[in-house]
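Overview (structure and organization)
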Amino acid sequence: MTALSHLLKSFEELWPTATAEDWDRVGLMLGHPASEVSRVLLSVDVTAEVVDEAIESSAQLLLTHHPMLLRPVHELGELTAKGNLITKAVRGGLAIFAAHTNADVASGGVSQSLAAALGLTEISPLDAVTGHGCVGTVSSQKLVDFARNVAKVLPPVAQGVRVAGNPERMVSRVALVGGAGDGFLGQALESKADVFITSDLRHHPTQDFIELSQLVDGPALMDISHWAAESIWLESAAMQLSKLHSDVEFAVSEIRTDPWDFAVMQ
C-alpha cells in the first residue's frame with residue numbers, strides 16, 4: 001500500500017501533464033492525494049459498470065485514458081451521467097485519474113503500444129512536432145492480409161476493421177494514430193506510408209483523403225475501433241507501473257467499453 005501522492009509522482013514522470021494538448025483535462029479527477037492505495041484498476045473509459053468493477057475488486061484508484069470530466073458539467077444530480085459516476089465513486093472511496101493525450105505521445109504510450117502490438121519495427125513519430133502517432137515497417141504483405149492480422153491483434157468489437165483501398169495492394173510501411181486521428185490525415189499523406197490506421201474517421205474527410213490519395217499514390221485507410229486501439233495500452237501501462245510500485249496491484253479491467261453491441265450486414 002502507498003499514498004496516492006506517490007503514484008501521482010510516477011504518473012507525472014510517465015505521462016507529463018505539460019505534454020497534454022491545451023484542450024485536454026488530465027490528472028486527478030476525484031480523490032485526495034493523501035489517501036492510501038493498494039490496488040489500481042485500469043480502463044479506457046469511466047463508466048458505471050467500470051466504477052462498480054473497481055469498487056467490487058477493492059481498488060482505491062481507477063486509472064483511465066479518457067478523462068471523466070473532459071467537457072463542462074453544470075449539474076451532478078444522481079440522475080445525470082456524470083453525477084451518477086461521481087456519486088458511485090465517492091460512496092465507494094474510489095479516486096479517479098486520467099492520462100489522455102499525454103499518454104498518447106509518451107514512450108510506451110498509446111500509439112507506441114498499438115504499433116508494437118501490430119509488429120511494427122523501425123518506429124518513428126508520425127508528427128515530429130507533437131510526437132503523435134507512429135510510422136514503422138512490417139513484412140511486405142497484401143493489404144487484405146494485413147487487415148486480417150490487425151483484426152486478430154485487436155480485441156473483437158462490432159465494428160470490425162474497415163478498410164478503404166485495393167485489397168491486393170502490398171503493404172510494408174504503416175502509419176497509425178491510436179484513437180481519433182482524422183486530424184492527422186495530412187501527415188499520413190506525407191509519411192509515404194502504404195496504409196494509415198486510426199479511428200473515428202468521418203465520411204467527408206475520409207472521402208477527400210481517398211480522392212487525394214489516388215492522385216498522389218498515398219496510403220490506404222484502415223478504420224479501427226477507438227476503444228480497441230487504445231485498450232492495448234492498458235497492459236503496457238500496468239506493467240510500467242508494477243515495476244515502479246511493487247507494493248501496489250495494477251489490474252486491467254475486463255469490461256469492454258466500446259459503445260457498440262452488434263452490427264447487421266445486408
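Residues numbered from 1 in each chain as written. Predicted model: local features only at pLDDT ≥ 70, side-chain atom pairs only at ≥ 80, totals over all residues. Heavy atoms only, no water.

**Let's talk about the layout of surface pockets**
Its volume calculated, the largest pocket comes out at about 510 Å³. Considering the residues around the largest pocket, the lining is formed by 23 residues, among which His-66, Pro-67, Leu-70, Arg-71 and His-100 are closest to the centre. Looking at the lining of the largest pocket, the elements with two or more residues in it are helix 4 (101-104), strand 10 (170-180) and helix 9 (226-244). Among the residues forming the lining of the largest pocket, the class breakdown is nine nonpolar, eight polar and six charged. Of the voids in this model, the second largest pocket is the one considered here, and its volume is about 230 Å³. The wall of the second largest pocket is formed by 13 residues, among which His-226, Trp-227, Thr-257, Asp-258 and Pro-259 lie closest to the centre. A per-class count over the lining of the second largest pocket returns four nonpolar, six polar and three charged. (1 Å grid on protein atoms, 1.4 Å probe; cavity = no way out; pocket = protein on both sides within 12 Å on 5 of 7 lines; lining within 4 Å. Points joined across faces, edges and corners; volume = space filled by probe spheres on them. Helix = DSSP H or I, 4+ residues; strand = E, 2+ residues; numbered from the N terminus. Nonpolar A, V, L, I, M, F, W, Y, C, P; charged D, E, K, R; others polar.)

**Concerning the packing of aromatic side chains**
If you walk through the whole model with that rule in mind, you get three aromatic pairs. Their ring planes at 70 degrees and their centres at 5.6 Å tell us that Trp-15 and Trp-233 sit as a pair that is edge-to-face. Residue Trp-15 is found in the loop between helix 1 (4-14) and strand 2 (27-30), and its partner Trp-233 is found in helix 9; the two are separated by 218 residues along the sequence. A connected cluster of aromatic rings, assembled from ring pairs, spans Phe-11, Trp-15, Phe-97 and Trp-233. (Phe/Tyr/Trp six-rings, centres within 6.5 Å; stacked < 30°, edge-to-face > 60°.)

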